[in-house]
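# Observations on the three-dimensional arrangement
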Amino acid sequence: MNNQVNIIHGFSKKSRDEKLEMISALIEKNENPLEVFKSFHHPDPSIQEMIEEFSENTISNFHLPFSIVPNFLVDGNVYMLPMVIEESSVVAAAANSAKFWFSNGGFKTEILGTEKVGQVHFLWNDNVELLQYKFPELKELLIEGCESITENMRGRGGGITDIELRDLNHLEAGLMQLFCTFETVDSMGANFINSCLEQFSATFKEWHKSQEEFEKDGLDVVMCILSNLTPDCRVRCTVETKIENLDNIVPDISGEEFASRFYTGVR
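Read on for a plain summary of the structure. (Residues numbered from 1 in each chain as written. Predicted model: local features only at pLDDT ≥ 70, side-chain atom pairs only at ≥ 80, totals over all residues. Heavy atoms only, no water.)

## Things to note about the state of the cysteines
- Following the criterion strictly, the structure yields zero disulfides and no others.
- The thiol of Cys-180 is unpaired, and the distance to the nearest cysteine sulfur, on Cys-224, comes to 8.6 Å.
- Exposure remark for Cys-180: the relative accessible area of 0% places this residue in the buried category. (Disulfide = S-S within 2.5 Å. Buried < 20%, exposed > 50% of the residue type's maximum accessible area, 1.4 Å probe, protein only.)

## Some thoughts on the environment of Lys-134
- Tracing the sequence through the fold places Lys-134 in helix 5 (residues 128-144).
- According to the relative accessible area criterion, Lys-134 is buried, its value standing at 12%.
- If we ignore the near neighbours within four places in the chain, the residues touching Lys-134 are Trp-207, Gln-211, Glu-213 and Phe-214. (Helix = DSSP H or I, 4+ residues; strand = E, 2+ residues; numbered from the N terminus. Contact = heavy atoms within 4.5 Å.)

## A look at unusual backbone geometry
- Not every positive phi belongs to a glycine, and Asn-71 is a case in point at roughly 75 degrees.
- As for its placement among the helices and strands, Asn-71 is situated in strand 1 (residues 66-74).
- A relative accessible area of 28% places Asn-71 in the partly exposed class.
- In this structure, Asp-252 takes a positive phi of about 70 degrees despite not being glycine.
- Among the secondary structure elements, Asp-252 is positioned in the loop between strand 7 (233-238) and helix 8 (255-266).
- Judged by relative accessible area, Asp-252 falls into the exposed class, the value being 74%.

Here it is in C-alpha coordinates:
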(Lines give C-alpha, C1' and ligand atoms only; values in the text may rest on other atoms or scores of the structure.)
Protein backbone atom coordinates (compact mmCIF):
# COMPACT_ATOMS: atom_id res chain seq x y z
CA MET A 1 0.00 0.00 0.00
CA ASN A 2 0.97 3.63 -0.41
CA ASN A 3 2.23 5.42 2.65
CA GLN A 4 -0.93 7.16 3.86
CA VAL A 5 0.04 10.46 5.50
CA ASN A 6 -3.42 11.99 5.89
CA ILE A 7 -5.91 10.62 8.39
CA ILE A 8 -9.05 9.09 6.85
CA HIS A 9 -12.30 10.51 8.19
CA GLY A 10 -15.74 8.98 7.83
CA PHE A 11 -14.59 5.66 6.37
CA SER A 12 -17.41 3.77 8.11
CA LYS A 13 -19.98 6.14 6.58
CA LYS A 14 -18.96 5.32 3.01
CA SER A 15 -20.79 2.71 0.96
CA ARG A 16 -19.13 -0.62 0.32
CA ASP A 17 -18.19 0.39 -3.23
CA GLU A 18 -16.74 3.69 -2.03
CA LYS A 19 -14.63 1.83 0.55
CA LEU A 20 -13.46 -0.62 -2.14
CA GLU A 21 -12.47 2.16 -4.51
CA MET A 22 -10.51 3.96 -1.78
CA ILE A 23 -8.64 0.82 -0.70
CA SER A 24 -7.99 -0.29 -4.28
CA ALA A 25 -6.50 3.09 -5.12
CA LEU A 26 -3.91 2.60 -2.37
CA ILE A 27 -2.74 -0.81 -3.62
CA GLU A 28 0.14 -0.62 -6.08
CA LYS A 29 1.18 -4.19 -6.84
CA ASN A 30 -2.11 -5.67 -8.05
CA GLU A 31 -3.30 -4.91 -11.58
CA ASN A 32 -6.98 -4.86 -10.64
CA PRO A 33 -7.49 -5.04 -6.85
CA LEU A 34 -11.11 -3.89 -7.14
CA GLU A 35 -12.05 -7.00 -9.11
CA VAL A 36 -10.09 -9.25 -6.72
CA PHE A 37 -12.03 -7.94 -3.74
CA LYS A 38 -15.36 -8.24 -5.56
CA SER A 39 -14.61 -11.80 -6.63
CA PHE A 40 -15.12 -12.94 -3.01
CA HIS A 41 -18.60 -11.41 -2.75
CA HIS A 42 -21.56 -13.75 -2.48
CA PRO A 43 -23.48 -14.05 -5.79
CA ASP A 44 -26.76 -13.34 -4.00
CA PRO A 45 -26.78 -9.58 -3.19
CA SER A 46 -29.20 -10.05 -0.27
CA ILE A 47 -26.88 -12.61 1.37
CA GLN A 48 -23.86 -10.39 0.76
CA GLU A 49 -25.70 -7.51 2.42
CA MET A 50 -26.46 -9.73 5.42
CA ILE A 51 -22.78 -10.79 5.68
CA GLU A 52 -21.66 -7.17 5.68
CA GLU A 53 -23.95 -6.39 8.61
CA PHE A 54 -21.97 -8.80 10.80
CA SER A 55 -19.11 -6.33 11.16
CA GLU A 56 -17.89 -2.78 10.49
CA ASN A 57 -16.01 -1.32 7.50
CA THR A 58 -16.49 -4.47 5.40
CA ILE A 59 -15.21 -4.46 1.82
CA SER A 60 -15.13 -8.16 0.97
CA ASN A 61 -15.38 -11.68 2.40
CA PHE A 62 -12.57 -13.87 3.71
CA HIS A 63 -13.00 -17.58 3.13
CA LEU A 64 -11.68 -20.32 5.42
CA PRO A 65 -12.19 -24.09 5.22
CA PHE A 66 -15.31 -25.34 7.01
CA SER A 67 -14.42 -28.70 8.55
CA ILE A 68 -16.43 -31.22 10.54
CA VAL A 69 -15.10 -33.35 13.40
CA PRO A 70 -17.45 -36.32 14.01
CA ASN A 71 -17.81 -38.64 17.00
CA PHE A 72 -17.90 -36.17 19.86
CA LEU A 73 -19.71 -37.95 22.69
CA VAL A 74 -20.64 -35.32 25.30
CA ASP A 75 -22.88 -36.15 28.25
CA GLY A 76 -24.34 -39.11 26.37
CA ASN A 77 -25.13 -37.11 23.22
CA VAL A 78 -23.23 -37.47 19.94
CA TYR A 79 -22.20 -34.28 18.15
CA MET A 80 -20.47 -33.35 14.90
CA LEU A 81 -18.25 -30.37 15.74
CA PRO A 82 -17.85 -27.62 13.11
CA MET A 83 -14.39 -26.08 12.90
CA VAL A 84 -13.51 -23.10 10.69
CA ILE A 85 -9.72 -23.19 10.72
CA GLU A 86 -6.85 -23.46 8.24
CA GLU A 87 -4.72 -25.77 10.41
CA SER A 88 -5.40 -29.32 9.26
CA SER A 89 -3.41 -30.84 12.13
CA VAL A 90 -5.80 -29.28 14.67
CA VAL A 91 -8.81 -30.84 12.95
CA ALA A 92 -7.05 -34.20 12.66
CA ALA A 93 -6.02 -34.17 16.33
CA ALA A 94 -9.54 -33.26 17.44
CA ALA A 95 -10.98 -36.08 15.30
CA ASN A 96 -8.55 -38.65 16.72
CA SER A 97 -9.26 -37.54 20.27
CA ALA A 98 -13.03 -37.62 19.74
CA LYS A 99 -12.86 -41.14 18.30
CA PHE A 100 -10.72 -42.41 21.18
CA TRP A 101 -12.93 -40.97 23.91
CA PHE A 102 -16.09 -42.06 22.10
CA SER A 103 -15.06 -45.63 22.88
CA ASN A 104 -14.05 -44.75 26.44
CA GLY A 105 -17.10 -43.10 27.89
CA GLY A 106 -16.95 -39.73 26.16
CA PHE A 107 -16.71 -36.26 27.68
CA LYS A 108 -18.57 -35.37 30.87
CA THR A 109 -19.40 -31.73 31.59
CA GLU A 110 -20.62 -29.87 34.64
CA ILE A 111 -21.60 -26.20 34.81
CA LEU A 112 -19.96 -24.81 37.95
CA GLY A 113 -21.34 -21.30 37.61
CA THR A 114 -22.47 -18.66 35.12
CA GLU A 115 -21.94 -15.48 37.14
CA LYS A 116 -20.21 -12.65 35.23
CA VAL A 117 -18.37 -9.58 36.53
CA GLY A 118 -18.46 -5.89 35.62
CA GLN A 119 -16.80 -2.91 37.25
CA VAL A 120 -17.29 0.83 37.50
CA HIS A 121 -13.92 2.38 38.37
CA PHE A 122 -14.00 5.86 39.89
CA LEU A 123 -11.84 8.33 41.73
CA TRP A 124 -13.30 9.49 45.05
CA ASN A 125 -11.88 12.73 46.42
CA ASP A 126 -14.18 12.99 49.39
CA ASN A 127 -15.16 11.30 52.65
CA VAL A 128 -14.74 7.54 52.10
CA GLU A 129 -16.38 6.58 55.40
CA LEU A 130 -19.47 8.62 54.57
CA LEU A 131 -19.74 6.99 51.13
CA GLN A 132 -19.47 3.55 52.74
CA TYR A 133 -22.15 4.49 55.27
CA LYS A 134 -24.54 5.73 52.58
CA PHE A 135 -23.75 2.95 50.09
CA PRO A 136 -26.80 0.74 50.94
CA GLU A 137 -29.01 3.63 49.85
CA LEU A 138 -26.98 4.08 46.66
CA LYS A 139 -26.98 0.36 45.90
CA GLU A 140 -30.76 0.23 46.02
CA LEU A 141 -30.96 3.16 43.59
CA LEU A 142 -28.44 1.55 41.24
CA ILE A 143 -30.52 -1.62 40.99
CA GLU A 144 -33.80 0.29 40.64
CA GLY A 145 -32.30 2.43 37.87
CA CYS A 146 -31.66 -0.69 35.79
CA GLU A 147 -35.09 -2.28 36.09
CA SER A 148 -36.03 -1.64 32.47
CA ILE A 149 -32.66 -3.04 31.31
CA THR A 150 -32.85 -6.16 33.48
CA GLU A 151 -36.53 -6.96 32.91
CA ASN A 152 -36.04 -9.57 30.18
CA MET A 153 -33.02 -11.11 31.89
CA ARG A 154 -34.90 -11.34 35.19
CA GLY A 155 -37.71 -13.11 33.32
CA ARG A 156 -35.21 -15.80 32.34
CA GLY A 157 -33.96 -16.19 35.91
CA GLY A 158 -30.98 -13.84 35.69
CA GLY A 159 -30.17 -10.23 36.48
CA ILE A 160 -27.96 -8.26 38.86
CA THR A 161 -26.77 -10.50 41.69
CA ASP A 162 -24.79 -7.99 43.77
CA ILE A 163 -22.99 -4.65 43.83
CA GLU A 164 -20.04 -4.14 46.18
CA LEU A 165 -18.20 -0.94 47.03
CA ARG A 166 -14.46 -1.64 47.00
CA ASP A 167 -11.77 0.68 48.30
CA LEU A 168 -8.63 0.46 46.11
CA ASN A 169 -6.69 3.32 47.67
CA HIS A 170 -3.80 0.94 48.27
CA LEU A 171 -3.33 0.85 44.48
CA GLU A 172 -3.86 4.53 43.75
CA ALA A 173 -4.99 7.45 45.86
CA GLY A 174 -8.74 7.92 45.59
CA LEU A 175 -9.33 4.86 43.45
CA MET A 176 -12.52 2.96 44.24
CA GLN A 177 -14.76 0.53 42.44
CA LEU A 178 -18.30 -0.71 42.11
CA PHE A 179 -17.75 -4.44 41.80
CA CYS A 180 -20.87 -5.80 40.12
CA THR A 181 -21.92 -9.38 39.50
CA PHE A 182 -24.55 -10.62 37.09
CA GLU A 183 -26.37 -13.86 36.33
CA THR A 184 -26.89 -14.13 32.57
CA VAL A 185 -28.22 -17.72 32.49
CA ASP A 186 -27.57 -19.19 29.01
CA SER A 187 -26.33 -16.00 27.36
CA MET A 188 -22.88 -14.44 27.37
CA GLY A 189 -24.58 -11.19 28.36
CA ALA A 190 -21.88 -8.69 27.36
CA ASN A 191 -24.26 -6.07 25.96
CA PHE A 192 -26.61 -6.55 28.92
CA ILE A 193 -23.81 -6.08 31.45
CA ASN A 194 -22.32 -3.06 29.67
CA SER A 195 -25.75 -1.40 29.54
CA CYS A 196 -26.19 -1.94 33.28
CA LEU A 197 -22.73 -0.56 34.04
CA GLU A 198 -23.35 2.59 32.02
CA GLN A 199 -26.63 3.08 33.86
CA PHE A 200 -24.90 2.50 37.20
CA SER A 201 -22.49 5.29 36.30
CA ALA A 202 -25.30 7.68 35.34
CA THR A 203 -27.30 6.89 38.49
CA PHE A 204 -24.20 7.26 40.67
CA LYS A 205 -23.48 10.71 39.24
CA GLU A 206 -27.07 11.86 39.72
CA TRP A 207 -27.14 10.57 43.28
CA HIS A 208 -23.82 12.21 44.09
CA LYS A 209 -25.07 15.60 42.88
CA SER A 210 -28.11 15.30 45.13
CA GLN A 211 -26.04 14.69 48.28
CA GLU A 212 -25.26 17.97 50.00
CA GLU A 213 -22.68 16.33 52.28
CA PHE A 214 -20.34 15.59 49.37
CA GLU A 215 -18.05 17.91 47.43
CA LYS A 216 -19.29 18.77 43.93
CA ASP A 217 -16.05 17.60 42.32
CA GLY A 218 -15.57 14.60 44.62
CA LEU A 219 -16.58 11.97 42.04
CA ASP A 220 -14.78 11.19 38.78
CA VAL A 221 -15.95 8.03 36.96
CA VAL A 222 -12.91 6.57 35.18
CA MET A 223 -14.52 3.75 33.21
CA CYS A 224 -17.20 1.08 33.07
CA ILE A 225 -15.87 -2.27 31.96
CA LEU A 226 -16.93 -5.89 31.53
CA SER A 227 -14.29 -8.08 33.20
CA ASN A 228 -12.68 -11.07 31.51
CA LEU A 229 -11.77 -12.44 34.94
CA THR A 230 -14.86 -14.47 35.88
CA PRO A 231 -13.86 -17.12 38.43
CA ASP A 232 -17.51 -17.98 39.08
CA CYS A 233 -18.33 -18.60 35.42
CA ARG A 234 -16.80 -22.00 34.71
CA VAL A 235 -17.52 -25.37 33.15
CA ARG A 236 -15.70 -28.54 34.18
CA CYS A 237 -15.08 -31.07 31.39
CA THR A 238 -13.60 -34.48 32.22
CA VAL A 239 -12.72 -37.76 30.58
CA GLU A 240 -11.88 -41.02 32.33
CA THR A 241 -10.51 -44.38 31.24
CA LYS A 242 -8.39 -47.24 32.52
CA ILE A 243 -4.62 -46.82 32.34
CA GLU A 244 -4.21 -49.85 30.07
CA ASN A 245 -6.42 -48.21 27.45
CA LEU A 246 -3.66 -45.66 26.99
CA ASP A 247 -1.10 -48.29 25.93
CA ASN A 248 0.66 -47.31 22.67
CA ILE A 249 -1.22 -44.05 22.24
CA VAL A 250 2.35 -42.92 21.79
CA PRO A 251 4.22 -45.78 20.04
CA ASP A 252 6.22 -48.01 22.38
CA ILE A 253 5.05 -46.20 25.52
CA SER A 254 2.85 -47.93 28.06
CA GLY A 255 -0.35 -46.37 29.30
CA GLU A 256 1.14 -46.03 32.78
CA GLU A 257 4.20 -44.18 31.49
CA PHE A 258 2.10 -41.99 29.21
CA ALA A 259 -0.20 -41.05 32.11
CA SER A 260 2.79 -40.29 34.32
CA ARG A 261 4.37 -38.06 31.69
CA PHE A 262 1.08 -36.29 31.02
CA TYR A 263 0.56 -35.70 34.73
CA THR A 264 4.09 -34.30 35.09
CA GLY A 265 3.63 -32.06 32.07
CA VAL A 266 0.47 -30.37 33.33
CA ARG A 267 1.48 -29.93 36.99
